[in-house]
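# What the coordinates show
Next come the chains, spelled out residue by residue.
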Amino acid sequence: MYLKYFYDEHLAQASYLVGCVKTGEALVVDPAREIEQYIEAAAAKELKVTHVAETHIHADFVSGGRELAHRTGATLYLSDMGDKNWKYAYAAETLESGREGKGRAYVQLVHDGDSFQVGNVKIDVLHTPGHTPEHVALMVTDTAAADRPMGVFTGDFLFVGDVGRPDLLETAAGMMGTKEKGARDQFQSVARFKQLPDYLQIWPGHGAGSACGKALGAIPSTTLGYEKLFNPAFQFGEESEFVAWLLADQPEVPRYFAQMKRVNKIGPALLAELDTPQALTRTQLDALLAAGEFVVDLRPGPDFADSHLVGALSIPATSPTFSTYVGWFVDYDKATYLIVSQADELDAVLRPLRAIGVDRIAGFATAAVIGPHEATLPSLSVQELATRLPQNGMQILDVRGRQEYREEHIPGATNIPLGYLPQHLDELPAETTLVVHCASSYRSRIGASYLRAHGVTNVVNLDGSQAEWSEALPTESGS
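Predicted model, so just to flag it, every value in this text is computed and none were measured. (Residues numbered from 1 in each chain as written. Predicted model: local features only at pLDDT ≥ 70, side-chain atom pairs only at ≥ 80, totals over all residues. Heavy atoms only, no water.)

### Examining the nonpolar core
In globular proteins that are soluble, nonpolar side chains generally tend to be buried together. Counting 54 residues, the largest nonpolar core has Ile-315, Leu-338, Leu-397 and Leu-451 as the members making the most contacts within it. With residues up to four places along the chain from it excluded, the contact list for Ile-315 reads Val-296, Asp-297, Leu-298, Phe-322, Tyr-325, Val-326, Tyr-442 and Ile-446. In terms of nonpolar packing, the next biggest core, distinct from the first, is built from 27 residues, Val-49, Ala-69, Leu-78 and Tyr-88 among them. (Core = buried A, V, L, I, M, F, W, Y, C linked by side-chain atoms within 4.5 Å. Buried < 20%, exposed > 50% of the residue type's maximum accessible area, 1.4 Å probe, protein only. Contact = heavy atoms within 4.5 Å.)

### Comments concerning the pairing of strand E5 (residues 75-79)
E5 sits mainly inside the fold: 4 of its 5 residues count as buried. Where strand E4 (residues 48-53) meets E5, 3 bridges bridge the pair, whose relative direction is parallel. Each residue of the ladder has a partner; that of Val-52, found in E5, is Leu-76. Considered for its hand, the β-α-β crossover made up of E4, helix H2 (residues 65-72) and E5 is right-handed. As defined by bridge partners, E5 adjoins strand E8 (residues 107-110) across 4 bridges and the pair is classed as parallel. Bridge assignment links Tyr-77 to a residue of E8, and that residue is Gln-108. (Helix = DSSP H or I, 4+ residues; strand = E, 2+ residues; numbered from the N terminus. Pairing = 2+ DSSP bridges. Right-handed = clockwise from strand over helix to strand, strands pointing away.)

### Examining helix H11 (residues 346-355)
Burial analysis of H11 places 7 of its 10 residues in the buried class, the great majority of the element. Buried-residue contacts for H11 involve helix H7 (257-266), helix H10 (322-329), strand E20 (336-340) and strand E21 (361-366). Looking one or two residues past H11, Gly-357 carries a phi angle of roughly 80 degrees, positive in sign.

### Brief notes about a nonpolar patch on the surface
The grouping of Met-1, Leu-3 and Met-150 at the surface amounts to a nonpolar patch, some 210 Å² of accessible area in total. With respect to the secondary-structure elements, Met-1 resides in the segment before strand E1 (2-8). Judged by relative accessible area, Met-1 falls into the partly exposed class, the value being 32%. (Patch = residues over 30% accessible without salt bridge, like charges linked within 9 Å, V, L, I, M, F, W, Y side chains within 5 Å. Areas by Shrake-Rupley, 256 points an atom, 1.4 Å probe, with all protein chains shown as cover. Salt bridge = Lys/Arg side-chain N within 4 Å of Asp/Glu carboxyl O.)

### Considerations on empty space enclosed by the protein
Tallied over the full model, the rule gives 1 cavity of 30 Å³ or more. In this model, the largest cavity occupies a volume close to 30 Å³. Taken together, Glu-54, His-56, Ile-57, His-58, Ser-63, Tyr-88, Tyr-90 and Asn-264 make up the lining of the largest cavity. Of the residues in the lining of the largest cavity, the class split is 3 nonpolar, 4 polar and 1 charged. (1 Å grid on protein atoms, 1.4 Å probe; cavity = no way out; pocket = protein on both sides within 12 Å on 5 of 7 lines; lining within 4 Å. Points joined across faces, edges and corners; volume = space filled by probe spheres on them. Nonpolar A, V, L, I, M, F, W, Y, C, P; charged D, E, K, R; others polar.)

### Let's talk about the packing of aromatic side chains
One pair of aromatic rings is described through two measures. These are the centre distance and the angle between the planes. On inspection of all chains with the given rule, the structure shows 17 aromatic pairs. When the centroid spacing of 4.8 Å and the interplanar angle of 70 degrees are considered together, the rings of Phe-157 and Phe-193 count as edge-to-face. Of this pair, Phe-157 sits in the loop between strand E12 (151-155) and strand E13 (158-159) while Phe-193 sits in helix H4 (residues 179-194); the two residues are 36 residues apart in sequence, bridging distant segments of the chain. Take Phe-157 and Phe-193: they sit in the same class, and that class is buried. A connected cluster of aromatic rings, assembled from ring pairs, spans Tyr-5, Tyr-7, Tyr-16, Phe-153 and Trp-203. (Phe/Tyr/Trp six-rings, centres within 6.5 Å; stacked < 30°, edge-to-face > 60°.)

### A word on the packing of H10 against H11
When two helices pack together, their arrangement is captured by the angle between the axes and the distance separating the axes. H11 packs onto H10 with a crossing angle of 55 degrees between their chain directions and a minimal axis gap of 9 Å. What the angle tells us is that H10 and H11 run oblique. As for how H10 packs across H11, the hand of that crossing is right-handed. In this structure, H10 contributes Phe-322, Ser-323 and Val-326 to the contact, and H11 contributes Val-349, Pro-352 and Leu-353. When the residues that make up the contact of H10 with H11 are grouped by side-chain class, the tally is 5 nonpolar, 1 polar and no charged. (Axes fitted to C-alpha atoms, helices over the stretch in contact; angles between N-to-C directions. Parallel < 35°, antiparallel > 145°, perpendicular 65-115°, else oblique. Left-handed = near helix turned anticlockwise from the far one by under 90°.)

### Quick notes on the side chain of Thr-141
For Thr-141, the location among the structural elements is in strand E11 (residues 136-142). When its relative accessible area of 6% is taken as the criterion, Thr-141 is described as buried. When sequence neighbours within four positions are dropped, the list of residues in contact with Thr-141 reads Asn-120, Val-121, Lys-122, Asp-124, Ala-146, Asp-147, Arg-148, Pro-149 and Met-150.

### Comments concerning the sheet that holds strand E23 (residues 395-398)
Paired through backbone hydrogen bonds, the strands of a sheet run either parallel or antiparallel to each other. Taken together, the 5 strands give an open sheet; going across it, the order is E22-E26-E25-E23-E24, and neighbouring strands pair in parallel fashion. Sheet topology places strand E22 (379-381) and strand E24 (414-415) at the edges, where each strand pairs with a single neighbour. Where E22 and strand E26 (residues 459-463) come together, 3 bridges link them in parallel fashion. When the bridges of E26 are listed, Ser-379 appears paired with Asn-461. Strands in contact with helix H13 (residues 382-392) are E22, E23, strand E25 (434-437) and E26; relative to E22, the strand with the most contacts, it is inclined by about 85 degrees. Sitting on the sheet, helix H15 (residues 442-453) touches E23, E25 and E26, and the angle it makes with E26 is about 170 degrees.

Here is the structure:
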């Protein structure tokens, strides 16, 4: 048996390739949309992708399952478990294989207790509802070497140090009244895993930084025995206590999650079907900004600050998670336009954007098109704020998450998490200077550029880290 781990830092998302070296067959579990990595990795070991499996309908990225099955002719295994109103809408589809033309790919629905073979590797399907009703885990046995399983691909059910949040159907997909049931289902799924052997390896679908849980560990894998000892989810004996714990303090749900749920349910578009972004002139860019079109400036912070285009949203692509911030503000029904430093950077930013379904990218401009003569994004140092705040009556706008705010914040600061700014514009003061801050000045720069694009001109960005402002200014905890 051969096993390879893939990890996307933009999304804190893990996927896996498991193959039978003897027969040359391979399975990919929870593939990302960029599928070349799996095809190349399989070929390097003289394997062919013959099976693709999804653990559930994902909320945080566009699944590559349909794309990979279309390209390779592999069988696509999808769960048929859970709520009848929440199933893969394209499950009955027969997928024509892509440009390689090697046969046809089919969708195979699976249920709890089903199994299938990837050469000598046996895959057993375990229904693990909670994160989503249809969620399944995939248990792996290398039958050529053992008669007992080695490990489990747990998707978004079980993470290192955490379990998947149960509220996304309600908060992202709008299926009201489902989060408590999901939490109770998750309790039962954990109880089921308490009965499995401690030696099982656990291969989760996400790592630290994912919004699919609240305290995911950064270690790529774990063992079930370790999780039984140290994962908080395994320490509860009473369902009601588990439910209360699981539903408390979950992170804010990125707005794009709703789109991901819809796309992965109906079937993602194939990448070959997407249009290529066209180069923009300065005149075209100015017209787009004047018309209020969605323009994202992906240049590094200083470049944007020194040539600030009012109307553009500054989200520097220097952060591995920049695409998730784009996802908070993008309108999937309209075109998106990009600004990059150089044209040869375009492909590198398109991949993470398309990973969250930002497919309607109509055009792009470069720094050379913009030129050097623009306004400067107003900013303030921590020391300047410490001096002026007691005298000038400034209003502090903290755009960190609610839990971050509860742990430590500047007294009197208003907390509006970054992605919720569009819903709270009318609550912001029109006259008082508004100082936007976060933990590193990355999110606050995004927030300041968004507010200026929407007519809030009395805004400045605090240029400094949490370590700096917590030392220079008084802070407190609590809500």
